[in-house]
Amino acid sequence: MIIERDIDLRELNTLLVERLKVKRRPVAISYCAEGPPPGYESANVVACALVREAESGRRVYVDAQHHDCWVGQYHLGFLAKPAPLITQGEYLTMAQGFFTEEAARRNKQQSSTIPAGAIKALAAAPLDDVPDGVQVDLMVCICDAQRAMQIAGAASVREGSFPIGELGPSACASIFATPWRTRNSVFAIGDGGGRMHNKVAPGEMFIAIPREHFRYVVELIENFRIDPHRMRELIMPSHAPVEDEGLRAKG
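Residues numbered from 1 in each chain as written. Predicted model: local features only at pLDDT ≥ 70, side-chain atom pairs only at ≥ 80, totals over all residues. Heavy atoms only, no water.

## Digging into a nonpolar patch on the surface
Formally: Surface patches are drawn from residues lacking salt bridges whose relative accessible area is over 30%; two like charges belong together within 9 Å, two nonpolar side chains (Val, Leu, Ile, Met, Phe, Trp, Tyr) within 5 Å. Here the accessible surface of atoms and residues is derived via Shrake-Rupley with a 1.4 Å probe, and residues count as covered only by protein chains that are part of the display. By definition, a salt bridge exists where a carboxyl oxygen of Asp or Glu is found within 4 Å of a side-chain nitrogen of Lys or Arg. Secondary structure elements follow DSSP: runs of H or I of four or more residues count as helices, runs of E of two or more count as strands, with numbering from the N terminus. Partly exposed residues are those whose accessible area sits between 20% and 50% of the maximum for their type, while under 20% is buried and over 50% is exposed, using a 1.4 Å probe and protein chains only.
Taken together, the side chains of Met-231, Leu-234, Ile-235 and Met-236 present a nonpolar region at the surface, about 380 Å² in accessible area. Position of Met-236 among the secondary structure elements: in the loop between α12 (228–235) and α13 (242–250). Residue Met-236 is classed as partly exposed on the basis of its relative accessible area, which comes to 33%.

In structure tokens, the structure reads:
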């Protein structure tokens, strides 16, 4: 039986920044069923930009009254009766010439959404500056592909669960709704708007890690060891010792 570890968020932040050398500040996300936590201020921004706001040191939230994007409202479940403009992706063809109507409709159909009314607010804070008593459900970080491979893949090397990779959905759907629905780690390229609002560099991507996988990130870092020479001996015939090569031939 696997025993759940109580993860200290500041310790997790230190491991990510000092051991894995993550350059951008990790962010703690809370799905708020009863409204925003005390000490968080409203932010009239697109939902995905909460990441950038929290990176800068703010504790912020969006909800049905405080936001600046109907797409984010839809994917977070804040709209009781979303219009076809959003649900059918009509906005994509109206504002972008490269989208066909069929592709726009299928884009929205295949994108994750949080059920309407499931949460009342989405809150974000720096991972190392979450107020006491606030439940953290998700960690989001923007990083390069190598670190995304390690962090988003932590569960895969500890329990065998492959992370989900997304390219196509809106960033808010990928980094907030997909982890909510799957309880799995996600790595995502994000869409043009999400990358722009978060100032994502060409070589960077989003990763989103659910609380259930925090301990795997810690365990990955604590147990990180690679022996390239031994790995080559084990899997590459050209590097295998003579005795090992004979055993493989018999197998």
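## Brief notes about the packing of aromatic side chains
Where we set the bar: When two rings of Phe, Tyr or Trp (its six-membered ring) have centres within 6.5 Å they constitute a pair, described as stacked for plane angles under 30 degrees, edge-to-face for angles over 60, and tilted for the intermediate range.
Taken as a whole, this structure holds one aromatic pair when the rule is applied. Relative to Phe-99, the ring of Phe-98 has its centre 5.7 Å away and its plane inclined at 35°; by these criteria the two rings are tilted. Taking the relative accessible area as the measure of exposure, Phe-99 reaches 23% and is therefore partly exposed.

## Some points on helix α1 (residues 9–19)
Definition in use: Each direction from the helix axis to a C-beta atom contributes to the arc, which is the arc of those directions. Here a residue-residue contact requires only that any non-hydrogen atoms of the pair lie within 4.5 Å. Any N or O atom pair separated by 3.5 Å or less is treated as a polar contact, with the protein-specific requirement of one donor-capable and one acceptor-capable atom, and with residues adjacent in sequence counted only for side-chain atom pairs.
Residues Leu-9, Leu-12, Asn-13, Leu-15 and Leu-16 constitute the buried set of α1. Looking straight down α1, one finds that the buried residues subtend no more than 160° of arc, so they occupy a single side. As for α1, its buried residues are in contact with β5 (138–144), α7 (145–152) and α11 (214–222). Two or three places before Arg-10, at the start of α1, stands the capping residue Asp-8, its side-chain oxygen 3.0 Å from that residue's backbone nitrogen. Looking one or two residues beyond α1, the residue adopting positive phi is Lys-21, at roughly 65°.

## What about the nonpolar core?
This is how it is decided: Throughout, nonpolar core names a set of buried Ala, Val, Leu, Ile, Met, Phe, Trp, Tyr and Cys residues whose side chains join them through atoms within 4.5 Å.
Counting residues in hydrophobic clusters, the biggest one holds 37 residues, and the most contacted among them are Ile-29, Leu-50, Val-62, Leu-76, Leu-122, Val-140 and Phe-176. With five residues, the top contributor of residues to this core is helix α9 (residues 171–182). Excluding residues that lie within four positions of it along the chain, Leu-50 makes contacts with Ala-43, Val-45, Val-60, Tyr-61, Val-62, Leu-122 and Ala-124. Counting residues in each nonpolar core, the second largest holds 35 residues, with Leu-9, Leu-16, Tyr-61 and Met-205 among its members.

## Observations concerning unusual backbone geometry
A positive phi angle, close to 65°, is found at Lys-21, a residue other than glycine. Its identity as a non-glycine residue notwithstanding, Arg-183 has a phi of 55°, on the positive side.

## Observations regarding the sheet that holds strand β8 (residues 204–210)
Applied cut-off: Paired strands, as defined in this entry, are two strands with at least two bridges between them according to DSSP.
Pairing is mixed in the open sheet, where eight strands are placed in the order β2-β3-β4-β1-β5-β8-β7-β6. Pairing within the sheet leaves two strands with one partner each, and these edge strands are β2 (41–42) and β6 (164–166).

## Structural notes on the state of the cysteines
When the sulfur atoms of two cysteines share a covalent bond, that bond is a disulfide. Test applied: When the sulfur atoms of two cysteines come within 2.5 Å, that pair is taken as a disulfide.
Under the criterion given, the structure shown has zero disulfides. The thiol sulfur of Cys-48 is not disulfide-bonded, and the nearest other cysteine sulfur, from Cys-172, lies at 6.1 Å. What makes Cys-48 buried here is its relative accessible area of 8%. This cysteine, Cys-143, is not joined by any disulfide, and Cys-141 carries the nearest cysteine sulfur, 5.1 Å off.

## Some details on the pattern of salt bridges
Overall, the coordinates contain 13 salt bridges when judged by the stated rule. Residues Glu-204 and Arg-24 are paired through a salt bridge, measuring 3.2 Å at the closest nitrogen-oxygen approach. Here Arg-24 lies in the loop between α1 and β1 (27–32) and Glu-204 lies in strand β8, a separation of 180 residues in the sequence. Judged by relative accessible area, which is 18%, Glu-204 ranks as buried. In this structure, a network of salt bridges that share partners links the residues Arg-24, Arg-52, Glu-55 and Glu-204.

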